[in-house]
Amino acid sequence: MHGGCLGGGSASRHPVGCAKTPEINRILQRTIVAYNLPVRACGRAQRLDSCCSQFHLRWLHKVGHERTAVVVCAAMQRATTNSASTTTTSIPAQFILLTECGSPPSAANVQEVLPYLTPKQLADAVWCFAQHEVKPTPELMDVVAQEIHSKLAQFRAQDLSNTLWAFAMLKYEPTEKWWQDFERQVFGALTDLTDRQLANLLWAFAVLERRPPTTQPHDQAVAATCSDTADPGAAAALSMDLLLERPSESGWVLDPLLAHSCAGGFVGYSASSLHLLVWSLGKLHYSPPAAWLETFLKATETHFFRFTPTELANIIWALAKLGAQLPSQWLDKLLLVAQWRFPSFPARLLSIVAWSTATLNHRPQPEWLMCFEEQVRAKFLDFSGHELACVAWSLRRFGYSTRDNAVFYMLQKQQNFLAADFEILSNPKLLRQVLGWKAAARGEGADAEGGWGLSGDGNTGGGNSLQ
């Protein structure tokens, strides 16, 4: 690397097209955490917004490891961050921290500078941890979470969304007190949330398994009030209004979030955001109000061709987990879109779609079933034993006998013993599903065991961005 070269520009004394810029970008990708470190100027006459101005910092180091904060020009930030997200603004450069040792700072190091960070900088700091796949120690995360908690009242909607998204990506579980205060702050910022921010919040709730308490008196009051309203449309609107009026002291904010998302009929919501909303509810096993689901189905139908195969599978999986009563026409349209895209569906997604459809007690059209069987045969070697058992169970629910079941047929036809065979033979429940045997221990039919099923591929939620 050129001595002192930190990208193109006058401060580095290298041209804008400096060949070393990619190397700097790679260094920035290893950014550890964001700080607003106390600094003193080195005396050189350089502006803070110049291409690259370096400062001498108060020491924050392990033995033998000096950390130097570098202010990077906006153009260089864009070159680094655009690859991570097309909707981000640049990471605030004044607290990017570069380290030669490549390890996160200790909790003791961080405690010294945390009080100097603004709420946005705190949110951006944990976002950087998650975005760059750096796993801090539990002690470090506890210190950061405590500082965030002390400044929650000043967090904007974007900061709240970024913070919880990062916690979910890092699998960090805050305390119950932290959760309650965070949810109250989200409640106060409802009207400022964009569709993506709201969807990411719900996704984070689901990943961290932050489930609501059992039905509260407020929920019962909403149901009773709406049941007394003769007009279904008026009842739906009243239900949403009452949910939005839930007092923030209740400690649970999911119902107001759902009501706010539905209030405008999901206008402006992207296919990705709609997918995250319903996947999160399925993961939490939390059934939304009927009015919410009705509006959601209408909004989703306009995005059928924009969903990826994973999103299509996750949507139907979530609705199956919720036990939703879906219009047959709506479900047939969704399955038809999936059928047209079957060639791009991996084996796992095929099994999820089949299991979810069977769980919803819906029998697809004959043409769909023929195409599905063809896909099962073509991708047979890609299925796990669990996935094959789910497909066999689903086909039986669709009316196929064991002998006519594509899974049973392919298992008999194969020439070699596969890992899936061992998995099935070593698990009595999977074997019963493949062979259609009844569960003798409880005397119940094999179909009664379909609930063990599959889980949706929900880790598609990330992608939150700094603003």
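Scroll up to find the structure.
Below: a short report on this structure. Keep in mind it's a predicted model, so treat the numbers as computed, not measured.

1. With respect to the side chain of Ser394
Logical step 1: In this fold, Ser394 is placed in helix H18 (residues 385-397).
Logical step 2: Once residues within four sequence positions are removed from consideration, Ser394 is found in contact with Ala354, Trp355 and Ala358.

2. Quick notes on unusual backbone geometry
Logical step 1: Located in the positive-phi region is His285, a residue other than glycine, with phi close to 55°.
Logical step 2: Looking at the secondary structure, you find His285 in the loop between helix H12 (271-284) and helix H13 (290-301).

3. Here's the deal with the pattern of salt bridges
Pairs can form between side chains of opposite charge whenever their charged atoms are close.
Logical step 1: Under the counting rule described, the total for this entry stands at 12 salt bridges.
Logical step 2: Note that Glu147 is salt-bridged to Lys151, the shortest N-O span being 3.1 Å. Of the two residues, Glu147 and Lys151, neither departs from the other in class, the shared state being buried.
Logical step 3: Notably, a salt bridge pairs Glu209 with Arg211, separated by 4.0 Å at the nearest N-O pair.
Logical step 4: On the basis of relative accessible area, Arg211 is assigned to the partly exposed category, the value being 36%.

4. Focus: the packing of helix H16 (residues 347-359) against H18
Logical step 1: At a minimum axis separation of 8 Å, H16 and H18 run at an interaxial angle of 35°. In this structure, the crossing between H16 and H18 has a hand that is left-handed. Contacts between H16 and H18 involve Arg348, Ser351, Ala354, Trp355, Ala358 and Thr359 on the former and, on the latter, Glu387, Cys390, Val391, Trp393, Ser394 and Arg397.
Logical step 2: For the contact of H16 with H18, the residue count by class is six nonpolar, three polar and three charged.

5. A short note on a nonpolar patch on the surface
Logical step 1: A surface patch of nonpolar side chains, about 360 Å² in accessible area, is lined by Phe305, Leu336 and Trp340.
Logical step 2: Mapped onto the elements, Trp340 comes out in helix H15 (residues 328-340).
Logical step 3: Since its relative accessible area comes to 52%, Trp340 is described here as exposed.

6. With respect to the packing of aromatic side chains
Logical step 1: On inspection of all chains with the given rule, the structure shows 16 aromatic pairs.
Logical step 2: With a centroid separation of 5.8 Å and an interplanar angle of 85°, the aromatic rings of Phe342 and Phe345 are classed as edge-to-face.
Logical step 3: Using a relative accessible area of 1% as the deciding quantity, one classes Phe342 as buried.
Logical step 4: Measuring from centroid to centroid gives 5.2 Å for Trp368 and Phe372, while their planes differ by 5°, and the two rings are stacked. With Trp368 and Phe372 both in helix H17 (residues 366-378) and four residues apart, this pair spans about one turn of that helix.
Logical step 5: In this structure Phe372 comes out as buried when scored by relative accessible area, which is 0%.
Logical step 6: Through pairs of rings, three or more aromatic residues link up here, namely Phe167, Tyr172, Trp178, Trp179, Phe182 and Phe205.

7. Examining helix H7 (residues 176-188)
Logical step 1: In this model H7 runs 19 Å from its N-terminal to its C-terminal C-alpha over 13 residues, within 8% of the 18 Å that 1.5 Å per residue would give.
Logical step 2: On its buried side, H7 packs onto helix H5 (138-150), helix H6 (157-169), helix H8 (195-207) and helix H11 (254-263).

8. Some points on the side chain of Gln375
Logical step 1: Inspection of the secondary structure assignment puts Gln375 in helix H17.
Logical step 2: Overall, the relative accessible area of 12% leaves Gln375 in the buried class.
Logical step 3: Among all residues touching Gln375, those that are not within four sequence positions of it are Phe342, Pro343 and Leu350.

Calculation criteria
- Residues numbered from 1 in each chain as written.
- Predicted model: local features only at pLDDT ≥ 70, side-chain atom pairs only at ≥ 80, totals over all residues.
- Heavy atoms only, no water.
- Helix = DSSP H or I, 4+ residues; strand = E, 2+ residues; numbered from the N terminus.
- Contact = heavy atoms within 4.5 Å.
- Salt bridge = Lys/Arg side-chain N within 4 Å of Asp/Glu carboxyl O.
- Buried < 20%, exposed > 50% of the residue type's maximum accessible area, 1.4 Å probe, protein only.
- Axes fitted to C-alpha atoms, helices over the stretch in contact; angles between N-to-C directions.
- Left-handed = near helix turned anticlockwise from the far one by under 90°.
- Nonpolar A, V, L, I, M, F, W, Y, C, P; charged D, E, K, R; others polar.
- Patch = residues over 30% accessible without salt bridge, like charges linked within 9 Å, V, L, I, M, F, W, Y side chains within 5 Å.
- Areas by Shrake-Rupley, 256 points an atom, 1.4 Å probe, with all protein chains shown as cover.
- Phe/Tyr/Trp six-rings, centres within 6.5 Å; stacked < 30°, edge-to-face > 60°.
- Expected span 1.5 Å × (residues − 1).

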